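What follows is the residue order along each chain.
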Amino acid sequence: MPEREGSEPSLVCFCCHWCSYSGADLAGVSRMQYPANIRIVRVMCSGRVEPYFVVQAFLHGLDGVLILGCHPGDCHYLTGNYEARNMVAATRRLLDCVGIDNRRLVLDWVSAAEGTRFAEIVTKFTNEVKTLGTLGAAKPTDVAAVNFRLKAAIAAAQGEKLRWVVAKQTEFATKGNRYGEVFSRHELDRMLDGIVADEVMAQQILALLNEEPASVKEVAASLKLPPPQVLRSMLALRRKGLVTLSGVQGSSPMYKRRNVERF
Amino acid sequence: MRDRESANRKARDLLRMAVAKARLLGPVAPLTFEPKRSCLIVGGGVAGMVSALSVAEMGFEVNLVEKAGELGGTARRILNTLNGQDVQAYLDALTGTVREHPLIRVHLDAEVIESRGYVGDFTSKIAVRGDGKITEVGHGATIIATGAVEAKPQEYLYGQDSRVLTLLELERDVAAGNTRVCGVQTAVMIQCVGSRDDERRLCSRVCCSQSLRSALKLRELNPQMDIYVLYRDMMSYGLMEDRYREAAEKGVKFIRYELADKPRVTAVEEEGRSVLRVMVRESALDRLHMIDADVVALAVGVVAGQDNREVSRLFKVPLDEDGFFLEAHMKLRPVDFATDGIFLCGTAHYPKHLSDTIAQAQAAAGKAAAILCKKKIETGVEVAFVNAEECIGCGICELLCPFKAIEVVSIDQGDRAHVISASCKGCGVCSSHCPRRAIGMHSFGDDQILTQITAMATGKVEQYA
Ligand SMILES: Cc1cc2nc3c(=O)[nH]c(=O)nc-3n(C[C@H](O)[C@H](O)[C@H](O)COP(=O)(O)OP(=O)(O)OC[C@H]3O[C@@H](n4cnc5c(N)ncnc54)[C@H](O)[C@@H]3O)c2cc1C
């Protein structure tokens with residue numbers, strides 16, 4: 001997230017090819033007026049917009065991400081917009097962990113006929129982000145801290161675990177897991193909360209240990225997290241073979257990153 | 001907004017983003033195949049029949065599906081056009097030719113219940129009501145011509161007093177020589193009923209000419225009759241203006257009213273005569289008129305058919321806010337849908353005169369034939385592909401694919417996902433979720449999307465990472 005002058009937010013809007021992109025086109029052809037802060041990236045389906053893209057956008061200094069798809073039931077690909085909803089649920093939590101206000105990410109529906117609605121949503125979103133302010137306007141130290149966490153979030157979003165859980169949400173909510181247990185939305189949300197927080201923390205620990213070996217206490221201090229949580233995460237990383245003990249300093253074990261070759 | 005500087009900046013960014021993406025596009029291996037040389041047309045009104053005939057005349061087979069028991073649609077209820085052309089004679093000739101054409105198969109009392117595939121290679125199921133017979137047809141192109149219907153009025157005593165009619169009902173009675181309308185002293189027509197208000201904003205385009213036509217016809221049948229047309233704006237565009245003038249010269253009285261002060265109709269007894277009393281404020285002179293009428297005809301306009309929603313789901317094509325079908329681009333692609341190989345024409349699109357319907361039906365037929373006549377069709381280029389080295393065969397993609405276009409197969413190295421390119425529609429949901437990030441998308445890969453974000457964020461075209 002580079003530091004940026006000025007107060008005009010820079011926003012990206014992902015539009016699906018079939019509904020919202022046509023809606024945006026209609027707004028244009030009908031000469032509707034809306035703020036010029038938004039840049040559209042066309043995708044075939046809103047279900048293509050993964051958490052990874054969204055966190056990358058923030059790392060690149062954008063101030064807001066709008067994802068527009070077809071109305072529920074109208075998806076050209078039957079269920080792509082529901083997958084978009086599942087992914088946004090996870091992305092929101094990633095942003096919470098990073099400390100970026102999750103109102104900077106909005107998912108909404110616009111049909112090909114709704115040029116007016118497109119213009120309204122964009123206007124509302126732009127104004128909302130304007131009141132939240134631009135991200136780059138923060139103090140440089142804060143910017144550095146947010147960037148550090150954003151990078152961890154990006155690694156988490158690319159990681160197998162989070163992607164697997166996000167992908168399984170629909171199945172868990174309808175057919176159940178492999179033991180046939182069906183999850184309520186509330187249970188799924190709690191599960192996502194836990195996994196996203198764990199993954200982002202693990203990635204932050206790995207990033208820190210990349211620089212030099214450290215003890216759990218040191219890591220907890222620099223991440224401003226409770227030591228017991230960090231310890232749990234550290235042990236899990238060790239079990240996975242991603243960190244190892246590098247020695248003991250005083251009475252604290254020191255951990256270092258182990259670079260594993262992919263199998 | 002109205003801010004040239006930022007609009008310009010946006011334009012430059014969009015261009016930069018497009019260049020950034022274009023730079024990363026790779027060659028794709030298109031799927032080539034021979035199209036099915038047949039066209040499916042849904043709706044057997046004038047639009048459906050005209051397009052069926054033009055497609056068949058170009059040498060292609062047509063399946064024409066009509067849900068009613070006869071062909072013709074709304075035009076069955078229109079006697080003449082404003083220029084005096086005989087609609088029924090035209091319709092009978094058209095229906096005859098369509099029914100006899102060796103390449104056109106007409107399915108009456110039938111509806112399409114399922115449709116899948118893509119341009120050049122669609123498959124649909126047609127169900128006939130009654131015997132429940134289901135026919136499966138293959139087709140290279142599809143034309144949607146499901147038409148529209150006359151609106152049902154909610155006001156001016158319609159349905160409570162039999163002397164209040166819609167214009168089409170008036171026309172029917174005039175044709176039948178019904179003295180209830182032909183022999184009366186006073187007739188009133190009210191325009192824009194249930195239209196151009198907050199609830200239904202659109203103008204139906206055909207009603208003004210309908211009223212002019214009926215007024216002239218009544219005048220011809222009965223020169224003594226007092227005829228009034230209560231209007232908000234007379235849309236007698238083009239050469240129809242001549243008929244408007246003719247009607248005015250022949251003594252038809254035109255009275256303008258405002259939406260905020262609509263006419264009022266009540267049934268009263270006046271000197272032993274039972275009349276419909278119409279009170280209307282002429283807006284220019286601000287004068288209240290009282291007309292005692294024997295018959296009141298309502299210009300109720302055209303509304304989208306109730307089937308449209310279902311048809312739109314079936315073929316995955318969009319509707320506009322009023323429930324009519326929405327073309328891909330109002331100027332550049334007026335008879336196309338965004339989905340290749342599906343076209344539209346007639347009043348399914350929006351209300352229009354027969355002449356416009358016919359012209360549009362021919363346009364749609366031309367577009368369909370342009371596909372059917374191709375030696376080879378190329379499609380399915382923007383599909384998913386699997387990087388077999390990264391894939392671990394977990395099957396998440398198989399689970400999520402809405403089109404069963406990806407499956408896990410066993411190869412020597414173990415289980416691997418495999419994309420069935422012909423079925424893949426390129427949504428990218430598999431790519432978004434693959435835990436190993438082993439699925440790429442042609443034209444919508446991670447790098448091709450992220451480079452656009454970098455381009456807009458940095459103002460430079462460079463690698464995204
Ligand atoms: C009230 C009214 C007044 C009009 N007045 C005039 C006029 O004065 N002058 C003029 O030039 N034009 C007039 N028009 C317009 C004219 O009727 C149309 O331009 C023309 O008839 C449209 O033809 P179409 O084939 O598009 O639709 P339609 O005539 O509506 O035919 C559509 C056909 O599709 C069928 N269908 C619908 N859904 C399905 C389905 N799911 N599956 C299979 N079949 C289906 C219907 O049964 C119907 O037969 C008027 C229209 C209306 C509604």
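Refer to the preceding data block for the structure.
Conventions and cut-offs
- Residues numbered from 1 in each chain as written.
- Chains lettered and ligands numbered in written order.
- Predicted model: local features only at pLDDT ≥ 70, side-chain atom pairs only at ≥ 80, totals over all residues.
- Heavy atoms only, no water.
- Pairing = 2+ DSSP bridges.
- Helix = DSSP H or I, 4+ residues; strand = E, 2+ residues; numbered from the N terminus.
- Axes fitted to C-alpha atoms, helices over the stretch in contact; angles between N-to-C directions.
- Contact = heavy atoms within 4.5 Å.
- Expected span 1.5 Å × (residues − 1).
- Buried < 20%, exposed > 50% of the residue type's maximum accessible area, 1.4 Å probe, protein only.
- Salt bridge = Lys/Arg side-chain N within 4 Å of Asp/Glu carboxyl O.

Draft legend 1. Up close: the sheet that holds strand β2 (residues 38-43) of chain A. Residue and element names in this part refer to chain A. With parallel pairing, four strands are arranged side by side in an open sheet as β2-β1-β3-β4. Edge positions in the sheet fall to β2 and β4 (105-109), since each has one partner strand and no second. Neighbour to neighbour, the strand axes of the sheet diverge by 20° on average, direction disregarded. Seen against the sheet, helix α4 (residues 115-132) touches β1 (11-16), β2, β3 (64-69) and β4 and runs at an angle of roughly 160° to β3.

Draft legend 2. Highlighting helix α6 (residues 207-221) of chain B. Residue and element names in this part refer to chain B. Under the 1.5 Å per step criterion, the end-to-end length of α6 is 21 Å for 15 residues, consistent within 8% with the ideal 21 Å. Across the 15 residues of α6, 12 count as buried, placing the element largely inside the fold. Within α6, the full set of buried residues consists of Cys207, Cys208, Ser209, Gln210, Ser211, Leu212, Arg213, Ser214, Ala215, Leu216, Leu218 and Arg219. Elements that come into contact with the buried residues of α6 comprise α4 (167-175), α5 (179-182), β11 (186-190), β12 (226-231), α7 (240-249) and β13 (253-256).

Draft legend 3. Just the pairing of strand β7 (residues 252-257) of chain A, in detail. Residues and elements named next belong to chain A. Of the pairings in the sheet, the one linking strand β5 (residues 214-215) to β7 comprises two bridges and is antiparallel in character. Each residue of the ladder has a partner; that of serine 215, found in β7, is methionine 254. As judged from the six bridges shared by strand β6 (residues 243-249) and β7, these two strands associate in the antiparallel manner. Looking at the pairing, glutamine 249 lines up with serine 252 of β7. Between β6 and the antiparallel strand that follows it, β7, lie two residues; glycine 250 among them carries a positive phi value of about 65°.

Draft legend 4. A look at the pattern of salt bridges. A complete count under the given rule lists 46 salt bridges over all chains for this structure. Across the salt bridge formed by aspartate 446 of chain B and arginine 48 of chain A, the nearest N and O atoms sit 2.7 Å from each other. Taken together, the residues aspartate 446 of chain B in helix α12 (residues 446-458) and arginine 48 of chain A in the loop between β2 and α2 (51-59) connect one chain to another. Aspartate 446 of chain B gets classed as buried once you look at its relative accessible area, which sits at 16%. On the basis of relative accessibility, which here comes to 1%, the residue arginine 48 of chain A falls in the buried class.

Draft legend 5. Geometry of the pairing of strand β6 (residues 121-128) of chain B. Residue and element names in this part refer to chain B. Of all eight residues making up β6, six are buried, and the element is well covered by its neighbours. Across eight bridges, the pairing between strand β5 (residues 110-118) and β6 is antiparallel. Paired with arginine 116 across the bridge in β6 is threonine 123. Two successive antiparallel strands, β5 and β6, enclose a turn made up of two residues, where glycine 120 displays a positive phi of approximately 90°. As paired elements, β6 and strand β7 (residues 134-139) share six bridges and run antiparallel to each other. In the strand pairing of β7, phenylalanine 122 is matched with histidine 139. Between β6 and β7, which pair antiparallel and follow one another directly, the connecting turn spans five residues, one of which, glycine 130, has a positive phi of 95°.

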